[in-house]
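# A look at the structure
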Amino acid sequence: MENVIDNQKESEALQQRRQQHDKAKRKRSRRMWLLIVPFLVLVVAFSYYPLFGWVYAFFDYEPPIPLRDSQFVGMQWFKMMVANSTQVRQLMQVLINTFAMSLLNIATSFFPLLFAIGLNEIRNKHFRNIIQTLTTLPNFISWVLVYSIAFAMFSTNGMVNDLLQNLNVIAAPIKFLDSDSLTWIKMLLWSTWKGLGWGSIIYLASISGIDQELYEAARVDGASRFQLIRYITIPALMPTFFVMLMLSVSNFLNNGMDQYFVFQNAFNQTHIQVLDLYVYNVGMGQNSLSYATAISMLKSLVSVALLWIVNIVSKKTRGASII
Amino acid sequence: MDKNSTLFKSVVSGIKKVAVVATVALASVALFACSSSSADNSSKKAEKDDGKLMTVTVYDDLANYQGLAKGWFAQYVQDKFNIKLKMVAPNVAGGGNTLFDTRTAAGNLGDLIITGTGHVNKLVKANLLTDMTPYLDGMKYIKKYDGATKAISDLADKKGTWGIASSVSSGSPTEASEGLEATTVPYIRWDLYKKIGYPTLNNTDDLLNALKEMQTEARKEEGKKDIYAISLFKDWDGASMQNAGQNLAFYGWEPTNYALAKGNGSKYESLIANNSQYVQGLEFLNKAQQMGLVDPESTTQNWDTMYAKYQAGKVLFSYWSFLGQGAYNTSANMAAGKGFELAPLKGMKVFSNGNMPDGNTTFIGIGSKAKNKARLVKFINWLYSPEGVQVQQAQSTGYSAGIKGLTWKMDGDQPVLTDFGKKALLEGGSVKMPAKYGSGTWKDGISTLNFVAVMQYDKDPTTGYKYGYVTWPSVLKINETKLSKDWSEHMGGATSTMDYLKKNNELLVAAGVSYTAPEDPATVATTRGSVQTQIVSSSWKMVMAKNDTEFKSLLTSMQKTVKGLGYDDVYKVDLKNSKAKNAARQKVIEQYKDEK
Amino acid sequence: MSNIEKNETTPGFKAFRVFNIIFFVLFTLICFYPFYYLIINSISANDLSADGLINWFPRKIHLENYVQVLQLSGLGTAALVSLGRTVIGTALTVIASSFLGYMFTREDMWHRKFWYRFVVVTMYFNAGMIPMFITMKNLGLTNTFWVYVLPAIVQPFNIILVKTYIESLPKSLEEAAALDGATTLQTFIHVILPSCTPILATVAIFSAVGQWNSFQDTLLYITDDKLYSLQYLLYQYINQASSLASMVRNGGGVAAVASAAQSQTPTSIRMTVSVVVVLPILFIYPMFQRYFTKGIMLGAVKG
């Protein structure tokens, strides 16, 4: 209301000057935009332009027959995902697995943050550097090799079972790999082991960006070490944490497939099949690029929708949008 | 209310923004749509050869090497045709069908193309293959196997000579195509079988009991408790559990995915039917498992791990000669009387593929963008000539004998290996090539095409003996060992697995046909994907079932689930293909009778 | 005793510190062990390794696996290509991420929010393999070095990281620069860049590791073997070993397997290749680390 009254009160000269100012401002903001145009061109070229490929989802495309000679099938591939009740039931189980894995990952997404804080509390610089380097190592080992290591350790004749049997802790070998008990938790443990050190890098960077004077001042005021962490470090890491959290929420449907693929077997299949793996398993028998496109298109759309919802929720609850 | 309305507003504004983004995206998409279309340049006229040295790109589904071919075979081809071979190998490149998909999308698969016959129709339709007709004058060997070119022509909708099928044979289609070893039969550790006193094996139960005794014996002998009669792996599972499907071949059955058929077309059944041959295969493995004969790591290990166990003598049974014998029958073990040999299981009627006069389901053709097509046709012609078969199909063991005068020669009217040939073909092949034939070792220089033009057990018209030197009398004598003698003594003097099966009338030869199944309708293909996941995982569970009751209930639930997923539609297609294949077989048999 | 030191020595904090150290030592061991496992297996006899007998110490040490890998033809060129794409690709990504990250914090930019979303939302798109291939082909990028670099320049994830980081910086710096009449670019170069080093180091690590490890793009877009990346060359080598094993099934017969058995097993090759690939990262990684070492070091510095 006040603004309106102000405006009314303004003299014409003032208005003119403001307009001129606005014009300059607009010009300036346009010029700023021009600076990022080269990058936008890249985005268009490599991200938007290829989206033409989504039309494959509505054809029965099989190379080498070019698209213009392929048959248009409309929504056939989308309908096929829910063709009969058994399939729907299976798909539901797959979605449950996907959600469970994603929820577990989201619920544990503060681990890297704690890891970074803990690591930062280690005083010896060299010791800390060594730990930091070595804990990122699992990130570089492919899932195929992780499985061969897991097999050496945890198979029925593996190291762990041998050890436990020799110590007479157990009589029969424990089936770590080929049973369906706690499949979700086991998968979570593997992915945590592989990604924890690597995931903490972002937080370590944020910690080193914290203004040192804040700590100094707090110390002089008699704050304890815990209080420093509680009132300075953690709040400083929160923005990054929230961004990461929101990104993983909107990535709900994408668990990736490598990990689940190498660990899957007949016994844990019911609970290990996440969406990406399911698509692969179903696709194995048919090699349909169109079906694969239909699914990835659907996933893209759902993910963007999720991101958008999360963004709105974030705006309402935190007062700040994430993107 | 207020809160809701602001939420609603932001949703609406969100939609607006999404719409703007979408518009920009669509605008950029529109650019895409007017991308180039390839010109049709299928000229019927023959082009002249410029005679220059050229690098030929070979797209080869069978190759295990990618890049420029090197070594003696490459040298041989260059000297003869002025051609360098540049291999493009999906097996090596990785990514499944990626290479095929992207290369065909780009409009050039390769100058020479070696791929499955299932692709012929589409490749012709997309104008990626050359019609060889104008170049066929004087191409003696391509013409000799005209059935193999016709088999490919028949698959295309357009008239023309689009390629020639592989693995052709001039032998009778009603005769077995195997040489010494059958494809799938029960192989057991003969030395242990000997130790337990050669018990009679009237049926698979006897076989299991013998294996049980052998396992006990082996564990006692070696002092190791991790020796198992049977070890399985899942790497090759496809439509069903691959290992369980092997028993089919013992009794003359052949699977076409879910339709099981007797090799002579006398019987058909569904893979999941109660008591089908496949279910019996599962029962066999489950019984073995209940008797403690199955390696518990079977469910989680891969081929590599399992193969190492065979090499270490920790597994006592094998479905294939290339596994048991390949891993364990080293010259040292065989000299000591140890090794895998065919088990004398009674009542077998082993499935065998007959010779295929019209070739197998792989073919070789020329890409539409290739240069000097006349020369490439000559090259293909050479691959099917006796010299081409001898040289191109030589490996470091088995197969053809290589270059005449270097690795083999005629001794009177008999072919024999030279001393160099023995080193190259019987002792691992790490022998250095003479300077005349280029550099490197024999083993490193063998053909990278990995293409079987003519079956190696076909008769070589230039020698009067088969191409495969392992069947030459002179080589059979060299290969005799303590193990093979003992086996032969107890098998009625048989000289080889195939010899034994033929003598005892335990072979069911399915006439050799080149049958390419039509592609699945799109909807069936998707159903197939979900059905097979279910069948494979249930099969493994059944093999590992603790008792017969659990086995039965797993079977019932599998049948119910896959039927719900649409198994019957898939089965119908498979049955149709299986019957079509059999019809083709009958036709070949008739044809062959007429020719006689 | 100063106030500060007293805070460091409360019993609660001591307990925390002991627990902390124990945790990190254990976790580091668990993380390092697999890598150690790969090393000892890659230098032990391959049959023992395939048999699963090498768990703690190497046995029958040999270097044949490494000799085989290092004898691959084209290894030198491929290493150069990989190095080139890692250095150039990383540099460009760091520049793009920092610049865009900064620009997207500038509320006075024309339709800032829209363009930010325009970029970020692409993280969730996946056009598919064939469309990407056709795009690269139409842009004339197939079989060029630039196909490795150009598509990777704008990385939404990295932009978000940098933007978030810049937003957490004190506004005062930038405002001071603006009062001095600095242009956008000047502010970016002289004020923003220097204070962003930790996050830029992170972006650099992410990007460098991504570039170094990537092989999918070679498979899709490159047929000229002079442009093969190191990872792809090694990936091919692994495939070659595995395909020998699967070749057997297609009626190969005893021959093929007998020769495969003599040579390296696919697993031994995979392990060797992993070690070869990870080692360079292990040496370069500490160089980035100094950007993370500021932290809460006061206690240590004074003590």
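Parameters at a glance
Sequence positions are assigned chain by chain, starting from 1 and proceeding in written order. Just so you know, chain letters begin at A and ligand numbers begin at 1, following the order they were written in. With the structure being a predicted model, the display of local features is reserved for residues of pLDDT at least 70 and the display and counting of side-chain atom pairs for 80 or more, all residues being used for whole-chain, interface and lining totals. In this text, helices come from DSSP runs of H or I with a minimum length of four residues, and strands from runs of E with a minimum of two, each type numbered from the N-terminal end. We compute the radius of gyration over the C-alpha atoms and compare it with the globule rule, which gives 2.2 Å times the number of residues raised to the power 0.38. Remark: C-beta atoms are placed from the backbone, and a residue is labelled buried if 20 or more other C-beta atoms sit within 10 Å of its own, exposed if 12 or fewer do, or partly exposed between those counts. Once C-beta atoms are placed from the backbone, any two residues with those atoms within 7 Å are in contact. Note on residue categories: nonpolar means Ala, Val, Leu, Ile, Met, Phe, Trp, Tyr, Cys or Pro, charged means Asp, Glu, Lys or Arg, and polar means any other residue, Gly included. We call two strands paired when DSSP finds no fewer than two bridges between them. The length a helix should cover is 1.5 Å for every residue beyond the first. These domain boundaries are the output of an automatic or database domain assignment. UniProt positions are given in the numbering used here, feature names are shortened, and annotations may be inferred rather than shown by experiment. Lines are fitted to the C-alpha atoms to define the axes, a helix being fitted only along its stretch in contact, and any angle between axes, read from their N-to-C directions, falls within 0 to 180 degrees. Each angle receives one of four descriptions, namely roughly parallel if under 35 degrees, roughly antiparallel if over 145, roughly perpendicular if within 65 to 115, and oblique otherwise. What makes a crossing left-handed is the near helix being turned counterclockwise from the far one by less than a right angle; a clockwise turn instead makes it right-handed.

## Side note on the overall build of chain A
Each helix and strand counted, chain A has 16 helices and two strands in total. By the compact-globule yardstick of 20 Å for 323 residues, chain A is too spread out, its C-alpha radius of gyration being 27 Å. With respect to the three principal axes, the spread of C-alpha positions in chain A is 90 × 70 × 35 Å. Taken across its 323 residues, chain A has 38% of its residues classed as buried.

## Quick look at the interface of chain B and chain A
By a widely used convention, the size of an interface equals the accessible area lost when the partners come together. Listed per partner, the contact involves 44 residues of chain B and 41 residues of chain A. For the side of chain B that touches chain A, the secondary structure elements donating two or more residues are α1 (2–33), α4 (98–105), α5 (120–125), α22 (522–543) and α23 (548–565) of chain B. Here the residues of the side of chain B that touches chain A sort into 19 nonpolar, 18 polar and seven charged.

## Quick look at the pairing of strand β7 (residues 253–256) of chain B
Pairing of β7 of chain B with strand β8 (residues 259–262) of chain B involves four bridges; the strand directions are antiparallel. Bridge pairing links Thr256 of chain B to Ala259 of chain B in β8 of chain B.

## Quick look at the environment of Phe241 of chain A
All names here are of chain A. Secondary-structure assignment places Phe241 in helix α12 (residues 225–250). For the pair Phe241 and Tyr215, spaced 26 residues apart in the sequence, the C-alpha separation amounts to 21 Å. Apart from the residues within four sequence positions on either side, Phe241 is in contact with Phe110 and Leu113.

## Focus on the pairing of strand β1 (residues 54–60) of chain B
Residue and element names in this part refer to chain B. For β1, the buried fraction is high: five of the seven residues fall into the buried class. Two elements, β1 and strand β4 (residues 112–116), share three bridges in a ladder whose sense is parallel. Residue pairing for β4: Tyr59 is matched across the bridge by Ile113.

## Focus: the sheet that holds strand β6 (residues 187–189) of chain B
All names here are of chain B. What the three strands build is an open sheet, ordered β10-β6-β11; its pairing is antiparallel. Single-partner strands in this sheet number two, and they are β10 (317–318) and β11 (340–342). Bridge analysis of β6 against β11 gives three bridges, and the strand direction is antiparallel. When the sheet's bridge partners are listed, Arg189 is paired in β11 with Phe340.

## Re helix α11 (residues 277–290) of chain B
Residues and elements named next belong to chain B. If you check α11, its first and last C-alpha atoms are 20 Å apart, about what 14 residues at 1.5 Å a residue would give, namely 20 Å. Of all 14 residues making up α11, 11 are buried, and the element is well covered by its neighbours. Those residues of α11 lying buried are Gln277, Tyr278, Val279, Gly281, Leu282, Glu283, Phe284, Leu285, Asn286, Ala288 and Gln289. Just downstream of α11 lies Gly292, where phi reads positive at about 80°.

## Description of the domain arrangement of chain A
Each assigned domain of chain A is listed with its residue range as follows: domain 1 (2–52) and domain 2 (85–318). When each unit is reduced to the centre of its C-alpha atoms, the spacing between domain 1 of chain A and domain 2 of chain A is 42 Å.

## Considering the UniProt feature "transmembrane region" (unreviewed entry) in chain A
Residues and elements named next belong to chain A. Here the UniProt-annotated "transmembrane region" (unreviewed entry) positions come out as residues 33–59, 94–119, 140–160, 187–207, 228–253 and 289–313. Measuring from the first to the last C-alpha atom of residues 94–119 gives 37 Å, for a span that is 88% helix and 0% strand. Along residues 140–160 the backbone is 67% helical and 0% strand, and the end-to-end C-alpha distance reaches 24 Å.

## Quick notes on the sheet that holds strand β9 (residues 268–270) of chain B
Residues and elements named next belong to chain B. Read from one edge of the open sheet, three strands run β7-β8-β9, paired in antiparallel fashion. Pairing within the sheet leaves two strands with one partner each, and these edge strands are β7 and β9. Between one strand and the next, the sheet's axes are offset by a mean angle of 25°, whatever the strand orientation. With three bridges joining them, β8 and β9 adopt antiparallel strand pairing. Considered in β9, the bridge of Ala259 is made with Ser270. Helix α24 (residues 567–595) contacts β7, β8 and β9 of the sheet and is inclined by roughly 25° relative to β8.

## Considerations on the UniProt feature "transmembrane region" (unreviewed entry) in chain C
Residue and element names in this part refer to chain C. The positions UniProt marks with the feature "transmembrane region" (unreviewed entry) are residues 21–39, 78–102, 114–134, 146–166, 187–209 and 269–288. From the first C-alpha to the last, residues 114–134 spans 28 Å; its make-up is 62% helix and 0% strand. Taken as a whole, residues 146–166 contains 71% helix and 0% strand, while its terminal C-alpha atoms sit 30 Å from one another.

## Considerations on unusual backbone geometry
Residue and element names in this part refer to chain B. A positive phi angle, close to 45°, is found at Tyr198, a residue other than glycine. Residue placement: Tyr198 occurs in the loop between α8 (190–195) and α9 (204–222). Assessed through the 13 C-beta atoms surrounding it within 10 Å, Tyr198 is described here as partly exposed. For Asn372, which is not glycine, the phi torsion reads 50° and is therefore positive. Along the chain, Asn372 turns up in the loop between β13 (362–366) and α15 (373–383).

## Some points on the interface of chain C and chain A
Taken residue by residue, the interface counts 81 residues in chain C and 77 residues in chain A. A total of 15 residues in the side of chain C that touches chain A trace back to one element, the largest contributor, which is helix α2 (residues 11–43) of chain C. Across the side of chain C that touches chain A, the residue classes break down as 52 nonpolar, 21 polar and eight charged.

## What to know about the packing of helix α10 (residues 201–208) of chain A against helix α12 (residues 197–213) of chain C
Two elements in contact, α10 of chain A and α12 of chain C, have axes separated by 8 Å at closest approach and are oriented at 160°. Relative to α12 of chain C, the element α10 of chain A lies roughly antiparallel. Of the two elements, α10 of chain A crosses α12 of chain C, and the hand of that crossing is right-handed. Contacts from Ile201, Ile202, Ala205 and Ser208 of chain A of α10 of chain A reach α12 of chain C at Pro198, Ile199, Ala201, Thr202 and Ile205 of chain C. Classifying every residue of the contact of α10 of chain A with α12 of chain C gives seven nonpolar, two polar and no charged.

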